[in-house]
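Each chain, letter by letter, is given below.
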Amino acid sequence: MRLILADDSVLLREGLARLLQDAGHEVTAAVGDAGALLDAVAAQQPDVAVVDVRMPPSHTDEGLRAALEIRDRWPGVGVLVLSQYVEQTYAAKLLAGPSEGLGYLLKDRVSEVAEFLDSLERIGSGGTVFDPDVVRRLLARTPLSTLSARERAVLEHLAQGLVNTAIAERLHVSQSTVEKHVNAVFDKLGLARTPGYSRRVLAVLRYLNG
């Protein structure tokens, strides 16, 4: 994949660039602020932009706002947002829009190299990847009284972008059991089959957005 990196930490930026290049990806630009990120995306149209939430000058939400602008102006560019902490408001803002080619991971997850690279490739292929800790924190804000413990666990894994077979492996149950729980989640949320819409994505959005 062709990638652009945006992080104000030179050490992390260069480390990520080396990691990704060693994995066979092309890092076309590595920048330290949101303005340079937007300029690079406009010029190069990468497969995925990897973006830190907090960048100069205020170190608050410049990276997130740039990520949202990329989603709006270049919908074909995947976005992986990295954050040092669970930024609940920021994650919810990202989920308010289209979910294809989108990810939000905590920076600690980068140290798990194989998992990080797999997440990046899933985003580049149009998938959705959210850090399990982010998902749990966001789901804790929402009314889940109608879901059983197992249904809630299945919903958390849906939010991480996993398919039914992968969820079955994680929860050590059969695929048919996962399908039963997924359908129960859809029923309890009142999500009927609608042409052109993914009930899996709608279920996650319904709960993450409260």
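The coordinates are above.
Residues numbered from 1 in each chain as written. Predicted model: local features only at pLDDT ≥ 70, side-chain atom pairs only at ≥ 80, totals over all residues. Heavy atoms only, no water.

### Structural notes on the overall build of the chain
As a reminder of what qualifies: Think of it this way: any DSSP run of H or I at least four residues long counts as a helix, any run of E at least two long counts as a strand, and we number them from the N terminus. Partly exposed residues are those whose accessible area sits between 20% and 50% of the maximum for their type, while under 20% is buried and over 50% is exposed, using a 1.4 Å probe and protein chains only. The Shrake-Rupley method, run with a 1.4 Å probe sphere, supplies the accessible areas, and residue values consider only the shown protein chains as cover.
Counting its regular elements, the chain contains 10 helices and 6 strands. The buried share of the chain, taken over its 210 residues, is 49%. Carbon and sulfur atoms make up 50% of the accessible area of the chain, which amounts to about 9800 Å² in all.

### Overview of helix α2 (residues 34–44)
The criterion, for reference: Of all possible arcs, the one meant is that of the directions from the helix axis to the C-beta atoms. A 3.5 Å cut-off defines polar contacts: any pair of N or O atoms within that distance qualifies, except that in protein one atom must be a possible hydrogen donor and the other a possible acceptor, and neighbouring residues in sequence count only when both atoms are side-chain atoms.
Considered for burial, the residues of α2 that qualify are A34, L37, L38, A40 and V41. Each buried residue of α2 sits inside an arc of 165 degrees when the element is viewed along its axis, so together they form one side. Relative to its buried face, α2 has exposed residues pointing more than 90 degrees away, namely D39 and A43. The distance from a side-chain oxygen at the start of α2 to the backbone nitrogen of G35 is 3.1 Å, and the residue carrying that oxygen is D33. Looking one or two places after α2, you find Q45, whose phi comes out positive at around 50 degrees.

### Considerations on the pattern of salt bridges
In plain terms, the rule: Note on definitions: salt bridges are taken to be side-chain nitrogens of Lys or Arg within 4 Å of carboxyl oxygens of Asp or Glu.
Tallied over the full model, the rule gives 6 salt bridges. Linking K107 and D7 is a salt bridge whose minimum nitrogen-to-oxygen distance equals 3.1 Å. Of this pair, K107 sits in the loop between β5 (102–106) and α5 (113–124) while D7 is found in the loop between β1 (2–6) and α1 (10–22), placing the two residues 100 residues apart along the sequence. Since its relative accessible area comes to 3%, D7 is described here as buried. The salt bridge involving E69 is made with R73; its shortest N-O contact spans 2.7 Å. Of the two residues, E69 and R73 are both situated in helix α3 (residues 62–73); the distance of 4 residues between them amounts to about one turn of the helix. Salt bridges sharing partners connect three or more residues here, namely D7, D52 and K107.

### Re the nonpolar core
The cut-off we apply is this: Among the buried residues, those of types Ala, Val, Leu, Ile, Met, Phe, Trp, Tyr and Cys that are joined through side-chain atoms within 4.5 Å form a nonpolar core. The contact criterion used throughout is that any non-hydrogen atoms of two residues lie within 4.5 Å.
In terms of nonpolar packing, the biggest core is built from 27 residues, with L37, V41, A49, I70, V81 and Y104 touching the most fellow members. Secondary-structure elements contributing two or more residues to this core are β1, β2 (26–31), α2, β3 (48–52), α3, β4 (78–83) and β5. Here the element with the most residues in this core is α2; it accounts for 5 residues. Excluding residues within four positions of it along the chain, V41 makes contact with I4, P46, A49, I70, W74 and V77. Residues A159, L162, V182 and L189 belong to the second largest nonpolar core, which totals 18 residues.

### Let's talk about unusual backbone geometry
Residue P57 is bonded to the preceding P56 through a cis peptide linkage, with omega at 5 degrees. Mapped onto the elements of the fold, P57 is located in the loop between β3 and α3. Here the phi dihedral of Q45 falls at roughly 50 degrees; this positive angle occurs in a residue that is not glycine. Relative to the helices and strands, Q45 resides in the loop between α2 and β3. Overall, the relative accessible area of 39% leaves Q45 in the partly exposed class.

### Considering the environment of V110
By the element assignment, V110 lies in the loop between β5 and α5. By relative accessible area, which is 11% here, V110 ends up buried. V110 sits 98 residues away from L12 along the chain, and the two C-alpha atoms are 9.9 Å apart. Residues within four places of V110 in sequence aside, it is in contact with L16, L82 and F116.

### Observations regarding the sheet that holds β4
Remark on secondary structure: sheet strands pair via backbone hydrogen bonds, oriented parallel or antiparallel. Basically, it comes down to this: The criterion for strand pairing is that DSSP finds at least two bridges linking the strands in question. Helix axes are fitted to C-alpha atoms over the stretch in contact, other axes to C-alpha atoms as well, and angles between N-to-C directions run from 0 to 180 degrees.
One open sheet holds the 6 strands; their spatial order is β2-β1-β3-β4-β5-β6, and the pairing between them is parallel. The outermost strands of the open sheet, each flanked by one partner alone, are β2 and β6 (128–130). Taking the axes of each pair of neighbouring strands and ignoring which way they run, one obtains an average angle of 15 degrees across the sheet. As defined by bridge partners, β5 adjoins β6 across 3 bridges and the pair is classed as parallel.

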